[in-house]
Every structure is written in structure tokens, then in C-alpha cells.
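So you can see what is in the structure, the chains are spelled out below.
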Amino acid sequence: MKAKKLLSAAAVLAAGALALSGCAGAPAEDGKVTMTFWHNSTTGDGKAYWEDMVAGFEAENPNVTIEIQAIQNEEMDGKLQTALNSGDAPDLFMARGGGKLADVVKAGQAMDITDKLTDATKTALGGVLSAFDVDGKTYGLPTAVLPEGFWYSTDLFSQAGITDTPTTVDELEAANDKLKAAGIAPIALGAKDAWPAAHFYYNFALRACSQDVINEAAASRSFDDPCWVTAGEQLADFAASEPFNDGFLTTSAQQGAGSSAGLLANHQAAMELMGAWDPGVIASLTPDTKPLADLGWFPFPEVSGGDGAEGAMMGGVDGFTCFVDAPSACPDFLNFIAQKENQEAYATAFQTLPASQEAQGVVTDPALKLLLSAYNDAPYVTVWLDTLFGQNVGNALNVAVVDLLAGQGDAESIVKAVNDAANKS
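Residues numbered from 1 in each chain as written. Predicted model: local features only at pLDDT ≥ 70, side-chain atom pairs only at ≥ 80, totals over all residues. Heavy atoms only, no water.

Asks: Which parts of the structure should I look at to understand the side chain of Thr143?
Replies: You can see Thr143 is positioned in strand β6 (residues 141-145). Here Thr143 falls in the buried class, since its relative accessible area comes to 1%. For Thr143, the contacting residues outside a window of four places in its chain are Trp50, Asp318, Gly319, Phe320, Ile337, Gln343, Tyr346, Leu353, Pro354 and Ala355. (Helix = DSSP H or I, 4+ residues; strand = E, 2+ residues; numbered from the N terminus. Buried < 20%, exposed > 50% of the residue type's maximum accessible area, 1.4 Å probe, protein only. Contact = heavy atoms within 4.5 Å.)

Next comes the structure, spelled out in C-alpha cells:
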């Protein structure tokens, strides 16, 4: 993968947790350190990966003990924000860059690790590291690059007589019609969790708005260009074609066989719009908990008349940030997990794309290789809009999109929700 820079938190800044153990660690009198670590891998190979990484680091650093808390993905942001606000934050926690990270940095809650990352780490990660930059300093380490698109069942497409993947929204709607005619739910959507529904709006906005407009909106955290309304109107038109599974408003994204990922995993729906983490989630929900054998991928289709560059992608990074008062073992652990063999193990465990360019040779899954090729060819990649705009504005955006899909809002109300939230932040 070429070194691709995502819009970083610097651009943004420049223009139930009580039951969890937080509390930044400190050396004891005997020199031993206990460090707390929060991640979002609650089951399967991903959970085992972090247990293995911690065990390996502790073996090399016998004075360090890392206490792990695995938190369900949809609960992470809220519990982490509560912990940060209470002063009982974990030493190491999940982060995704953008406005969310910029807000944490602005609050003085993130460690500047610019000079704490090794040269080997910086070389391996290259331009992807910029996703965790704020005002020229680095406040976290990416572990995965996560461009988005449609994951689909090639068997169900064949069953419906679909021979080519859609390249335009009109073709996508035509494919949906064929799937419905064959008695197959076209698109699985976990709108109960809000953000999966909002990703449809993000992608329509990516097609409707130019890169400059998106960057300007990231700096101002407001929607002033008409393209934001256009994106909402296009989403409303698409939703009117009834492309989603029955009950999508009450369907979760990743929890169990009835989730949107579970519907695809069990051939109850033909496709799902998600980032590069999806193959691993789907595999955990198949009947035999193995990778879905007929999983394919194609990019979000083009939309005529927009100002976005052809081939532009929505995406992001997963990674980790050290709390400002975390022990020195925290950046040491980040350097440890950035090592080639550990990033290769990450890619295998999560069935995704590692952030380290040196480790990307381990990616052999055909669908992931298609995604990686599209990512490399993309003129630019825009970070998830809720990440880009920060938690308060991002949450307002996501809820407004769900309201539109539920018939309780429209394109204008999405823009109003974002601008109202920005004015309050």
C-alpha cells in the first residue's frame, strides 16, 4: 500500500464506565507498573490476539502488568468519554483520529508520543500515522486501515442472476430489484446502532461534495454547502427503493446472527456497507465461525452530477492512544504491537488490512485484496464523518440520518442537526 494520508485531527483542531477499571497507572515503590488497556474485541480471534500481545509484552517486560478490558464496540465511545470526564481514564484506549481525537487532545487527556515512537515504527506506518496527528504532534498509533465498500455474497448474487457488481447507484438499485425478486433481502443494515445507517449518508456526501468542501466542513464543523442537502436527498431517494432488510431500524450491527453482519454471514441478506473490519466480524457469525467462503467486495457506486472525485473512498483507521499520565510502558507497548510480525498477526486475527506497510504482504483474501487495490488507487480517503467532526456533532449527524430513514426527518433536518450541534460545541 502506498503511504496515504487521511484527513487528520490536526485539520480539525486547527480551524456504565464506573464498573470498569480505569485510573492511569503509576510505578510502585518496587518499580513495578500496572497499566489498564481498553479495546473493543470481545470475542474470538481478535480478543485472543490482544491477550497474546499483552502476554508477549509482559514476558519481555516483567515489571509491567497490563489489565485488559474488552468493551463492546457500540459501548466504547460513551464509556470512554465518561471515564475521561471523571478522571478515571484507562492508560491505553481505542482511538480513530479525527475530531474525536482532537477533542481529547484539546482537553489535555492524550499523551504526545511523537518522540516516543521508534524510527522503525514510523517507517513501517508511513503516512498512515498522520491520522493521529494534531498540530504536528502524534497522539496515537494506528493498527488498521479501514476503507469502506459493499461486502456481498457471490452465491446470492448468482442466485439472483447478477453477473457484474454495480458501478453506479442506478445499477445498485437494479441489482436490489433482482435480489428482491429472488426472495433475498438486498442490503443488511444495523440502523439500531445509528452509525451504520449514517455511513450511507457519508458515502453520498463523498460523491456530492468536493474534497475541499469536506475539509472546510471538518474545520468549521458545520454544513454550509448545498452538497450536504443534495447528499441527504439522494439518500432519501435510495431509501425509497426499499433496499434494506425488514426491521432494519431495530437491527444491530454486529451482535449475533440477527445483526446486519450476521444476516450476511448466514445468507439472510446479500450485502452490507462496512469498513475493512467486516470480514472478521462476519466470520465470527457464520454457523461454523469460519470466513464466509463466497464473500466478495465492491466500492460504493458512483453518483452522477456530484463534485467528489471518482474513486474517492470513505474510510478510517483503528488505533490506540495513551492517556496523558500513562506510564512509559504505554508507548513502549505501541511500538511492540507495531512490529512486523505483530501487525501480520493482527491482520490474520481480524481478517483486515494492517496499518504497517511492511505487514501487508500477509493479506491474501481475494476480497480484501480488491479493497486494498481500490484504496491504493483512490485519489483521497475521507475519515468517517462522525469521527471527523467529533463526538457531539458526529452523534447528532448519525441520529439525524436514522430519523430520515425512519420518516421522521429529511435532508434539511440533517444539515440543521449538524449546525445546531456545532453551535453548541
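Here the narrative resumes, following the displayed structure.
Asks: Can you walk me through the state of the cysteines in this structure?
Replies: Here is the idea: a disulfide is a covalent bond, and it sits between the sulfur atoms of two cysteines. Enumeration according to the criterion identifies two disulfides in this entry. Paired through a disulfide, Cys209 and Cys227 show a sulfur-sulfur distance of 2.1 Å. Residues Cys209 and Cys227 share a disulfide whose torsion about the S-S bond is about 105°; that sign makes it right-handed. Highlighted residues: Cys209 in the loop between α8 (195-208) and α9 (211-220) and Cys227 in helix α10 (residues 227-240), separated in sequence by 18 residues. With respect to class, Cys209 is no different from Cys227; both count as buried. In this model Cys322 forms its disulfide with Cys330; the gap between the sulfur atoms is 2.1 Å. Between Cys322 and Cys330, the S-S dihedral sits near -100°, and the bridge is therefore left-handed. (Disulfide = S-S within 2.5 Å.)

Asks: Would you mind showing me how to read the packing of aromatic side chains here?
Replies: We describe a pair of aromatic rings using the distance from one ring centre to the other and the angle between the two ring planes. Per the stated rule, a full pass over the model turns up 30 aromatic pairs. With 4.9 Å between their ring centres and 75° between their planes, Tyr49 and Trp50 make a pair best called edge-to-face. The same class applies to Tyr49 as to Trp50, namely buried. Here the aromatic rings of Phe57 and Phe336 are separated by 5.6 Å at their centres, their planes lie at 65°, and the arrangement is edge-to-face. Here Phe336 lies in helix α13 (residues 329-337) and Phe57 lies in helix α2 (residues 44-60), a separation of 279 residues in the sequence. Of the two residues, Phe57 and Phe336, both sit in the buried class. Taken together through their ring pairs, the aromatic side chains of Phe150, Tyr152, Phe157, Phe200, Phe204, Phe238, Phe244, Phe248, Phe298 and Phe300 make up a single cluster. (Phe/Tyr/Trp six-rings, centres within 6.5 Å; stacked < 30°, edge-to-face > 60°.)

Asks: What is the right way to look at a negative patch on the surface in this model?
Replies: On the surface, Glu233, Asp237, Asp410 and Glu412 cluster together into a patch of negative charge. Inspection of the secondary structure puts Asp410 in the loop between α17 (391-405) and α18 (411-424). Note on Asp410: relative accessible area 42%, which makes it partly exposed. (Patch = residues over 30% accessible without salt bridge, like charges linked within 9 Å, V, L, I, M, F, W, Y side chains within 5 Å. Areas by Shrake-Rupley, 256 points an atom, 1.4 Å probe, with all protein chains shown as cover. Salt bridge = Lys/Arg side-chain N within 4 Å of Asp/Glu carboxyl O. Lys, Arg positive; Asp, Glu negative; His and termini not counted. Charge placed at Lys NZ, Arg CZ, Asp CG, Glu CD.)

Asks: Hey, could you run me through the sheet that holds strand β7 (residues 148-153) in this one?
Replies: Sheet strands associate in pairs through backbone hydrogen bonding, adopting either a parallel or an antiparallel arrangement. The four strands lie next to each other as β8-β9-β7-β10, forming an open sheet whose pairing is mixed. The open sheet terminates on both sides in strands that have one partner only, identified here as β8 (185-187) and β10 (295-298). Averaged over neighbouring strand pairs, the angle between their axes works out to 25° when direction is ignored. (Pairing = 2+ DSSP bridges. Axes fitted to C-alpha atoms, helices over the stretch in contact; angles between N-to-C directions.)

Asks: Just to check I follow, could you spell out the side chain of Ser259 for this structure?
Replies: Structurally, the position occupied by Ser259 is in the loop between α10 and α11 (260-265). Once residues lying within four places of it in the same chain are set aside, the contact partners of Ser259 are Thr251, Ser252, Ala253, Gln254 and Leu285.

Asks: Which parts of the structure should I look at to understand the nonpolar core?
Replies: General note: in soluble globular proteins, nonpolar side chains tend to be found buried as a group. Core analysis: the largest hydrophobic core is formed by 145 residues, its most contacted members being Trp50, Phe200, Tyr201, Trp228, Phe333 and Leu397. Take this core: its biggest share by element is 10 residues, from α8. Setting aside chain neighbours within four positions, we find Tyr201 in contact with Phe223, Trp228, Ala231, Gly232, Leu235, Leu397, Val401 and Ile414. (Core = buried A, V, L, I, M, F, W, Y, C linked by side-chain atoms within 4.5 Å.)

Asks: In this structure, what is going on with the packing of α10 against α17? I would like to understand it.
Replies: Axis angle and axis distance: for two packed helices, these are the angle between their axes and the distance between the axes, and together they describe the pair. Packing of α10 against α17 brings their axes to within 10 Å, and their N-to-C directions diverge by 40°. What the angle tells us is that α10 and α17 run oblique. Along this stretch, α10 crosses α17, giving a crossing that reads as right-handed. Contact residues: α10 offers Gly232, Leu235, Ala236 and Ala239, while α17 offers Val401, Leu404 and Leu405. By residue class, the composition of the contact of α10 with α17 is six nonpolar, one polar and no charged. (Parallel < 35°, antiparallel > 145°, perpendicular 65-115°, else oblique. Left-handed = near helix turned anticlockwise from the far one by under 90°. Nonpolar A, V, L, I, M, F, W, Y, C, P; charged D, E, K, R; others polar.)

Asks: Can you help me understand the environment of Asp318 in this one?
Replies: If you trace the backbone, Asp318 turns up in strand β12 (residues 317-322). The class of Asp318 is buried, set by a relative accessible area of 11%. In this structure the C-alpha to C-alpha distance between Asp318 and Gly140, which are 178 residues apart in sequence, comes to 10.0 Å. Setting aside chain neighbours within four positions, we find Asp318 in contact with Met94, Ala95, Arg96, Pro142, Thr143, Ala144, Leu146 and Tyr346.

Asks: I keep staring at unusual backbone geometry and nothing clicks. Help me out?
Replies: Trans is the prevailing form of peptide bonds, just as negative phi is the prevailing case for residues other than glycine. One non-glycine residue, Ala194, lies in positive phi territory at about 70°. Among the secondary structure elements, Ala194 is positioned in the loop between β8 and α8. With a relative accessible area of 16%, Ala194 lands in the buried category. A positive phi angle is found at Thr289, which is not glycine, with a value near 50°. Following the sequence through the fold, Thr289 ends up in the loop between α12 (278-285) and β10. Overall, Thr289 belongs to the exposed group, its relative accessible area being 53%.

Asks: Whenever I open this one, the pattern of salt bridges confuses me. Can you help?
Replies: Charged atoms that come close allow side chains of opposite charge to pair. Scanning all chains against the criterion turns up eight salt bridges. Between Asp177 and Lys180 there is a salt bridge whose closest N-O contact spans 4.0 Å. Taken together, the residues Asp177 and Lys180, both in helix α7 (residues 169-181) and three residues apart, mark about one turn of the helix. The salt bridge involving Lys416 is made with Asp420; its shortest N-O contact spans 2.7 Å. Pair noted here: Lys416 and Asp420 are both in helix α18, with a separation of four residues, about one helical turn. A relative accessible area of 52% places Lys416 in the exposed class. On the basis of relative accessible area, Asp420 is assigned to the partly exposed category, the value being 31%.

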